[in-house]
4 protein chains.
Amino acid sequence: MTSSYGTMLRLSLFGESHGPAVGCVLDAPPPGLPVDLGALARHMARRAPGRGGPWSTARTETDAPEILSGVFEGRTTGTPLAALIRNADTRSQDYAALARTPRPGHADLTGRLRYAGANDPRGGGHFSARVTAALCFAGALALQWLAARGVSVRARVAEIGGVADPTPTDPLSPFPDLSDKPLPALSDAAAAAMVAAIEAARADGDSVGGIVEVRAAGLPAGLGAPFFDRVETRLGAMLLSLPAVRGIEFGDGFACARRRGSENNDRPTPSPDGDPLHAGRATNRAGGAEGGITTGLPVVARLAFKPTPSIPREQTTVDLATNEPAPIRVPGRHDPCVVPRAVPLVESAAAFALLDLWLSSSAHRFPAP
Amino acid sequence: MTSSYGTMLRLSLFGESHGPAVGCVLDAPPPGLPVDLGALARHMARRAPGRGGPWSTARTETDAPEILSGVFEGRTTGTPLAALIRNADTRSQDYAALARTPRPGHADLTGRLRYAGANDPRGGGHFSARVTAALCFAGALALQWLAARGVSVRARVAEIGGVADPTPTDPLSPFPDLSDKPLPALSDAAAAAMVAAIEAARADGDSVGGIVEVRAAGLPAGLGAPFFDRVETRLGAMLLSLPAVRGIEFGDGFACARRRGSENNDRPTPSPDGDPLHAGRATNRAGGAEGGITTGLPVVARLAFKPTPSIPREQTTVDLATNEPAPIRVPGRHDPCVVPRAVPLVESAAAFALLDLWLSSSAHRFPAP
Amino acid sequence: MTSSYGTMLRLSLFGESHGPAVGCVLDAPPPGLPVDLGALARHMARRAPGRGGPWSTARTETDAPEILSGVFEGRTTGTPLAALIRNADTRSQDYAALARTPRPGHADLTGRLRYAGANDPRGGGHFSARVTAALCFAGALALQWLAARGVSVRARVAEIGGVADPTPTDPLSPFPDLSDKPLPALSDAAAAAMVAAIEAARADGDSVGGIVEVRAAGLPAGLGAPFFDRVETRLGAMLLSLPAVRGIEFGDGFACARRRGSENNDRPTPSPDGDPLHAGRATNRAGGAEGGITTGLPVVARLAFKPTPSIPREQTTVDLATNEPAPIRVPGRHDPCVVPRAVPLVESAAAFALLDLWLSSSAHRFPAP
Amino acid sequence: MTSSYGTMLRLSLFGESHGPAVGCVLDAPPPGLPVDLGALARHMARRAPGRGGPWSTARTETDAPEILSGVFEGRTTGTPLAALIRNADTRSQDYAALARTPRPGHADLTGRLRYAGANDPRGGGHFSARVTAALCFAGALALQWLAARGVSVRARVAEIGGVADPTPTDPLSPFPDLSDKPLPALSDAAAAAMVAAIEAARADGDSVGGIVEVRAAGLPAGLGAPFFDRVETRLGAMLLSLPAVRGIEFGDGFACARRRGSENNDRPTPSPDGDPLHAGRATNRAGGAEGGITTGLPVVARLAFKPTPSIPREQTTVDLATNEPAPIRVPGRHDPCVVPRAVPLVESAAAFALLDLWLSSSAHRFPAP
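Residue numbers here run from 1 along each chain, matching the order of that chain's written sequence. Each chain gets a letter, beginning with A, and each ligand a number, beginning with 1, in the order they are written. Confidence filtering applies because this is a predicted model: local features only for residues at pLDDT of at least 70, side-chain atom pairs given and counted only at 80 or more, and all residues used for totals across whole chains, interfaces and linings. Remark: hydrogens and water are excluded; side-chain values derive from all non-hydrogen atoms of the structure.

**Quick notes on the side chain of E249 of chain D**
Point 1. Mapping E249 of chain D onto the fold places it in strand β11 (residues 245–250).
Point 2. Three labels apply to residues, based on accessible area from a 1.4 Å probe with only protein chains included: buried if under 20% of the type maximum, exposed if over 50%, partly exposed otherwise in between. What makes E249 of chain D buried here is its relative accessible area of 9%.
Point 3. Polar side-chain contacts of E249 of chain D include one of 2.8 Å to the backbone nitrogen of F254 of chain D.
Point 4. When checking whether two residues touch, look at their non-hydrogen atoms; a contact exists if any pair is within 4.5 Å. Setting aside anything within four residues of it in sequence, one finds E249 of chain D in contact with R246, G247 and F254 of chain C together with F254, V300, A301 and R302 of chain D. Counting from the N terminus, the helices are DSSP H or I runs at least four residues long and the strands are E runs at least two residues long. Here a polar contact is recorded for every N or O atom pair within 3.5 Å, except that within protein the pair must consist of a potential hydrogen donor and a potential acceptor, and residues adjacent in sequence are included only if both atoms are side-chain atoms.

Structure representation (structure tokens):
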């Protein structure tokens, strides 16, 4: 299996960009959890294209999921929850041309090698970011169920095109709710400058990359394990699977590599509730994890997204018919920057991974007699 | 399960720092692969403490593995390969004191919460980097088996204490063999400056962090998958599981986030062997993967290691008996910098993950009739 | 995850009897395999209700699957293959009554305990044999792909209501193709007697059980492993998951327990092709597996199906509102015998398990350099 | 991976009959569970050869396990628990002769095909029942931990050489403790007749098979799932992996196939504790599971063991050097009946599978806020 994730809550993604539908199966959520279809639709709409802003493709999709199983009278049954999202507006271009001149930075060549030429080439097939609509659906449910237990998983645009959102001053609190902002940065001024950077790139027939930061606040301490079930491993395996991601760091990440230990350790502080094991930390350089296990402070991760490889300006590639260099201008409707739409996706993906980790960890205890 | 990794080649780690042994089971390598015990011992010795250099603990260990199963007449049998490494020289300190004052930056608190107080506290127990000796063993075998197919997996110290090894000029070739160097950087001058930085930190009762870069050259193109079996996901899940790692980036990583698409795409180049699908790339900003699938160029990853949290100089923590702040000086034999010894470990870990990915990918094809 | 099966070819089942649809995801078949929709429909029709015969429910279903992904231009893409089968004709009865008086032999009580009362009670929900339509779909594809490599997986009714089909005289050959028979036994006379037994039970408001035997011929020798990937384990985990199955035996099964070794061992015979490792066996009491690994002879398994628990005649149960005994007559459209319709399902399920085993085994070899 | 089992509690087996050791890793038991080394040794001794009785090999083994990790101060740490059992007394016979004339009923041929000739041929290598000593160890711990919660998992010899132990009259109670009996049948008279049957076979240079029945009493209702995590599936995947097993049935098993529904359904009875969902059943024909989920009644399974294939009397096989028939007399120390020693192994294996199922099921609930 290659499009599945999770241990206790298993996610199976399917679909091609220009096939009948994308979708997923969750095997299986705990029984009895409420499903808020309104909140689900609002979250999905944040990822959907055509929402406005200069970064968005012209493709219009409603991304309205149909739940096929696993929900009864508004609550999860505890059996597999399947959903699909029909693909509409799938104008398949002349992919024969594309098949001859692979797009730089795309999976055109690697996908052909991996699938022996049998994969669906239209719109990227299963490689398409379109498939992440199904991941967004799954994560939207995880977000609801975590929120009901006081956990908020929120992301912001930390940087686009070299323009940085200022670092938040309070490392111990949740992010504010930015879900109403088309470009969800903490600073509106920074957001405006990012929009300008995107506009400038588009005007040049080019694209820009950026950084998304996610903060999950309210998780209990004690989730994770020393090695391959570290919080960082579980989150990393999910978030490194998002298209266009080139790196991830936790807490202060790469900056930690330039510090001394005395500057980097988070000082334990007396427990506010009197139970000394619930000690706090004066800082959160570790990003909510020590030894791979949650501290109870916010879990923080930052993701590097590369600039959209599909750009209108001319590039050079290889003509597979002649094995000679050839010019290419990538046709189609491509965002000049994927970062704003990635924000709800990162929230979804992180929430899913953390919920699965939580459910797995609950199984580490023998149930009471 | 929480200390297991892999799909077709499953690694199960076990052991505590001050228990009888650490070890692992590999379930199972392909049958008939040669096991070179001399090369294995040389590789293990690079990770072993007491090898010299100012960064190394005084603890002496031979790290000599005993193979318990899975090898017959010098070759793998194809059944599970188990090995253990006895723990010698395990002077258990007074961990009652440590239990009362958790070390900043360690898993003392989170481990107690995770394991309900039952985990072995001596020397960090299963959280100890000592367990990575078993991972180093497993990876040493993977390195041998990959080398026999022309794949080299080599790492270098890219940075320590803010001192950077110069960026290699040729992104398309393997790293040179640095295994004889105690501090394996490309530049001897940089290595000397790194040693000085470690010495300075040690003189201050402090520690420093750094960055390790690994390059795997010679892999076939076409390994991986669009989502949760991406090269980046598989490598990330392994490498983010190493103690002290705070981030990972692939290819040019976070730097990609600051580029335009026209600057970041790797231009396809005509195939040297005449089969156009074997097209090369003019650059390797992507680090050997497009759409999560190998391109045939070197797979490149960089890992941020935090400075050793255990430092002799005084820090402040919480006294769990009183819930009041308390001073702490961490006793024991701790490296002021884990980065040099991490280099063979990163090579091992990356080789294991890539071998498992390769074996998994071979199963994507239906065997010939 | 609880409704998933498989190692290299992962099957995820979903759906409830009276929900919108049942379906599955296969993650993922090898790329480039042809999908014969006509053969698929013919195989599905054999399992569908309403096909005639006294054992069939009145419920009419077309069981027409819609493929959502993973097929392009008539061949598998190598990415996840998802399909759904809409539920039509789902007249939901008054399940409030059923909720009060649990049906003997059903999951009414255990399901409520397992799912904390949240599972869909209509028509059995995810417990319904309706879900096996999706398994039948997945297995129909496996049957096609195995057939293309010369492997036939065929089942027969070996017994119904105490009436036995005569034991086949040739243990080394494939079963004949019985797919056109509504009650696929080898002997037409036995089939007629079985039909009579079903009719008699129905006339009494009762039901009967039986035995299905499956024979998979043409598999290569060498598939499986000594312990948890034995052919018997892999097949057993699949076939014991079918509703109403109470036991499984391989080869001569329980009869072996009453023999002496000299009577039970299959004598190796000289290889017909000259390679001595391709030795045959004079008999096939072992059912095609020695040490858990295929011998190249037909793999043979027999499955015991209990009589349908839902019967019109009056039984006694408990009234959950009063905790007192209460009479019950199970309403609804239930087959008086599930065995005839189970035959294509057993073929499907066995084929899926064997294909997955084959693909897994191919990964045990390191790919050629 | 091919020698691993389990979901939340993962067992990894390793070892060859004539290698340095057999052993296992459990990844990982819940933390804080007591480990009773005395009870462990007593349980292991029941499986050990040389215990007396005519069925036992002359090979003497102490089967004393060394725990390598995961236990601290007499309790589980919650991290992986590894143990090994050294192989002593491993007189390797001339396996060159065996390699030329494969033993009928053994994995000599299939193992060579599966492992391309690289597997350890001495004493059967990893195919050897010797490896089950490690499984017995793992299960002995599971038995202890289940017993502490009121669950008894006990097996009896139900049949040997055609001699049946009488069917127990009370299907709802645990089996009595038979662990002191060398041949643990309920009836001493039947046990004596079974011993006579074994003696007679041995006198003829032959062997006999038999049936083991296991009963697990005291499990909570509600464990399992409708499809691939059925109690039957989980138990079946474990028990069908034991060497020499040819079939398994649950509850009344194959006998159910010959009944009518009205004869086979277990009638629900009023709950003894007043909570109607805790309804009992008047009978236990289903063997403790409805819809794949525990009812709270004893879980019952019966296993068919074939007669030992290694027998002193002459048989015919193939000479691999000539591809001609050749006589063979299997040398070595082989039990004329494996069934008595299989009893503690079946208890171990079943306990392990049920504990893993229980731990997995606990993860189906979202932990309380």
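**With respect to the relation of the copies chain D and chain C**
For the pair of chain copies, the relating transformation is a rotation about an axis with a translation along it.
Point 1. Here the copies were fitted onto each other by least squares, based on C-alpha atoms from residues at pLDDT of at least 70 in both. Each copy superposes on the other: chain D lies on chain C with an RMSD of 0.0 Å after a rotation of 180° and an axial shift of 0.0 Å. Taken together, the rotation and translation describe the operation of a two-fold axis.
Point 2. Counting the interface residues of chain D, we find that 100% of their copies in chain C are interface residues as well, pointing to one common contact surface.

**Let's talk about the pattern of salt bridges**
Point 1. Whenever a carboxyl oxygen of Asp or Glu lies within 4 Å of a side-chain nitrogen of Lys or Arg, that contact is scored as a salt bridge. Scanning the entire structure with this criterion turns up 83 salt bridges over all chains.
Point 2. R246 of chain A is the salt-bridge partner of E232 of chain B, the closest N and O atoms lying 2.6 Å from each other. Placement of the pair is E232 of chain B in helix α6 (residues 231–239) and R246 of chain A in strand β11 (residues 245–250), with the two residues belonging to separate chains.
Point 3. Exposure remark for E232 of chain B: the relative accessible area of 1% places this residue in the buried category.
Point 4. Where E213 of chain D meets R156 of chain D, a salt bridge forms, and the shortest distance between an N and an O atom there is 2.7 Å. Taken together, the residues E213 of chain D in strand β10 (residues 210–217) and R156 of chain D in strand β8 (residues 152–160) connect sequence positions 57 residues apart.

**Considering the environment of R215 of chain C**
All names here are of chain C.
Point 1. Mapped onto the elements of the fold, R215 is located in strand β10 (residues 210–217).
Point 2. When the C-alpha atoms of R215 and E66 are compared, they prove to be 29 Å apart, with 149 residues separating the residues in sequence.
Point 3. Reaching out from R215, the side chain makes a polar contact with the backbone oxygen of S173 at a distance of 2.6 Å.

**Some remarks on the nonpolar core**
Among soluble globular proteins, nonpolar side chains are generally buried collectively.
Point 1. To form a nonpolar core, buried Ala, Val, Leu, Ile, Met, Phe, Trp, Tyr and Cys residues must be joined to one another through side-chain atoms within 4.5 Å. Of all hydrophobic cores here, the largest spans 321 residues; its most connected members are L239 of chain A, L239 of chain B together with L239 of chain D.
Point 2. Once residues lying within four places of it in the same chain are set aside, the contact partners of L239 of chain D are V245, I248, A301, L303, V346, A349 and A350 of chain D.

**Points about the sheet that holds strand β9 (residues 163–164) of chain A**
Point 1. Across the sheet, ten strands lie side by side as β9(A)-β8(A)-β10(A)-β16(A)-β11(A)-β11(B)-β16(B)-β10(B)-β8(B)-β9(B); this open sheet has antiparallel pairing. The open sheet is flanked by β9 of chain A together with β9 (163–164) of chain B, the only strands paired with a single partner.
Point 2. Each pair of strands is called paired provided DSSP finds at least two bridges between the two strands. Sheet topology places strand β10 (residues 210–217) of chain A next to strand β16 (residues 299–305) of chain A; seven bridges connect them, and they run antiparallel. Note that in β16 of chain A the partner of E213 of chain A across the bridge is R302 of chain A.

**Some points on the interface of chain D and chain C**
Point 1. Contact residues are listed per partner, giving 111 residues for chain D and 111 residues for chain C.
Point 2. Put simply, buried area is how much 1.4 Å-probe accessible surface two parts lose in total, over both of them, once they are put together. In total, chain D and chain C occlude about 8,600 Å² of area from one another, counting both sides; carbon and sulfur atoms represent 61% of this.
Point 3. Contact with chain C buries surface across chain D, with F227, F228 and R246 of chain D losing the most and accounting together for 11% of the total.
Point 4. Our count for the contact surface shared by chain D and chain C stands at six salt bridges.
Point 5. Joining chain D to chain C, the criterion identifies 35 residue pairs in polar contact (both at pLDDT 80 or more).
Point 6. With six residues, the single largest contributor to the side of chain D that touches chain C is helix α3 (residues 108–114) of chain D.

From the geometry alone we can't say anything about function, so treat these as descriptive.
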